[in-house]
Amino acid sequence: MARVVFENVYKRFDEVTAVNDLNLDIEDAEFLVLVGPSGCGKTTALRMLAGLEEISDGSIYIGDRRVNDVPPRDRDIAMVFQNYALYPHMSVYDNMAFALKLRRINKGEIDRRVKEAAEILGITPYLKRRPKALSGGQRQRVALGRAIVREPAAFLMDEPLSNLDAKLRVQTRAEIQKLHRRLGVTTIYVTHDQVEALTMGDRIAVMRDGVLQQFDTPQNLYDNPSNMFVAGFIGSPSMNFMQARVDTDGEALYVADDNGLRLRVPRDHERQVAQMRGNPIIFGIRPEDIELQDFAEPDWRDNVVESRVEVLEPLGSEIQLHASAATHTNGVGQLVAEEQDENETRTTDIFVARVDPRARVRTGDIVPLAFNMTHMHIFDTQTQEAIV
């Protein structure tokens, strides 16, 4: 087990900076998730830690040792890949034992480690099989077992669940969490799936274009995103963003737009919002903080917007309702947006609400939607940094 530190780490490929001044301090036995869209630098950071990519600038430490010039085999880490990387001609037992044989560990110790790891992962009945005779989930457990037997200071996992179907991903995700609690080994896990990140990580590092955006616990990332990118990336469905302004009516402050949105700012947020009075802002609110008036909490009902239902997505436990303010007449056409880069976070006139499944609504209906302004977010239009 070991603490892992990235200190002002850069990775450049000619004119492209894939990782830009990355600073992370990962505690001993912590489960850290690196998350972000494709091309954000998360896998490059992991490969630099593993020694598979050279560091352009900065330092990486595993424990008390600076490992910039240490060969991968001497870094005391074990890596689990997306594609399993099992030897097809070897049995499960031999796949798990192979790295230990290369290190000339005695046969008795190898046998103990392999059987112990197989027991932990529930793959003891498969030790004599070859990979082609296993399911995807079983192969992933073998890949995990091969890492476990090395008893490393840190596990590195590069999107290990990407090749599994949805049900098996959930199951294997839970197994990895239980495994981490049992072994207590520092784990750095790379994924583009924010659900995996939220459910698995002790802390999460959100990256974009090689730059660390926020490094925090899952709940703090969700409740207090530092900018629009983090707010839009973390959470499913993602946060709604709308171009708006701060209006005044006597002593009260309102978030308003030209489409009929007018929402009272709670007193707890007035001091922060007052500085933006009369200025354009980006208003953000999560879908679970918008509900049909009949099903909303009493204190939400002071902020109700008559809204047109554009699209309904019944999911059994909830309905995801795409709506626009009723005075806005552009209709469903607003839902068809131009193609955009996945790194971009944009505002829209359409917002998504997660409403009670008992609701009886149809596309085209005008319905009163209540907003929970206690959980409002406001972002600067220029910097996209959070104000509230």
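Our subject in this report is the structure included herewith.

How each quantity is defined
- Residues numbered from 1 in each chain as written.
- Predicted model: local features only at pLDDT ≥ 70, side-chain atom pairs only at ≥ 80, totals over all residues.
- Heavy atoms only, no water.
- Pairing = 2+ DSSP bridges.
- Helix = DSSP H or I, 4+ residues; strand = E, 2+ residues; numbered from the N terminus.
- Axes fitted to C-alpha atoms, helices over the stretch in contact; angles between N-to-C directions.
- Salt bridge = Lys/Arg side-chain N within 4 Å of Asp/Glu carboxyl O.
- Buried < 20%, exposed > 50% of the residue type's maximum accessible area, 1.4 Å probe, protein only.
- Expected span 1.5 Å × (residues − 1).
- Contact = heavy atoms within 4.5 Å.
- Polar contact = N/O pair within 3.5 Å; in protein donor to acceptor, adjacent residues only side chain to side chain.

Turning next to the sheet that holds strand β12 (residues 252-256). On the basis of which strands lie adjacent, the open sheet formed by five strands has the order β13-β12-β11-β14-β20 and antiparallel pairing. Of all the strands in the sheet, just β13 (262-264) and β20 (377-379) have a single pairing partner and so form its edges. Strand-to-strand twist in this sheet, taken as the mean axis angle between neighbours without regard to direction, amounts to 40°.

Let's shift gears to the pattern of salt bridges. The full count for this structure, using the stated rule, is 22 salt bridges. Note that R113 and E151 form a salt bridge whose closest N and O atoms lie 3.7 Å from each other. One end of the pair, R113, is in helix α3 (residues 107-121); the other, E151, is in the loop between α4 (136-148) and β7 (154-158), with 38 residues separating them in the sequence. In this structure R113 comes out as buried when scored by relative accessible area, which is 11%.

Before going further, it helps to examine α4. Here α4 is 13 residues long and its end C-alpha atoms lie 18 Å apart, about the 18 Å a rise of 1.5 Å per residue gives. Counting buried positions along α4 yields 11 of 13 residues, so the element is predominantly enclosed. Among all positions of α4, only G137, Q138, Q140, R141, V142, A143, L144, G145, R146, A147 and I148 are buried. Contact partners of the buried residues in α4: β6 (77-80), α2 (92-102), α3, β7 and α5 (166-183).

As a further point, take the environment of S238. The topology assignment puts S238 in the loop between α8 (228-233) and β11 (240-249). With 48 residues separating them in the primary sequence, S238 and R286 have C-alpha atoms 6.9 Å apart. Ignoring anything within four residues of it in the chain, the contact list for S238 reads G232 and P287.

Below, the discussion takes up α3. Its 15 residues place the ends of α3 21 Å apart at the C-alpha level, agreeing with the 21 Å of an ideal helix rising 1.5 Å per residue. Contacts from the buried residues of α3 go to α2, α4 and α5. Put simply, N106 is the residue that caps the front of α3, since its side-chain oxygen is 3.1 Å from the backbone nitrogen of G108. Count one or two residues on from α3 and you reach G122, which has phi positive near 70°.

As a further point, take the side chain of E30. Structurally, the position occupied by E30 is in the loop between β2 (16-26) and β3 (31-35). A distance of 2.5 Å separates a polar atom in the side chain of E30 from a polar atom in the side chain of R203. Every residue in contact with E30, bar those within four places of it in the chain, is listed here: D25, H180, V185, T186, T187, D202 and R203.

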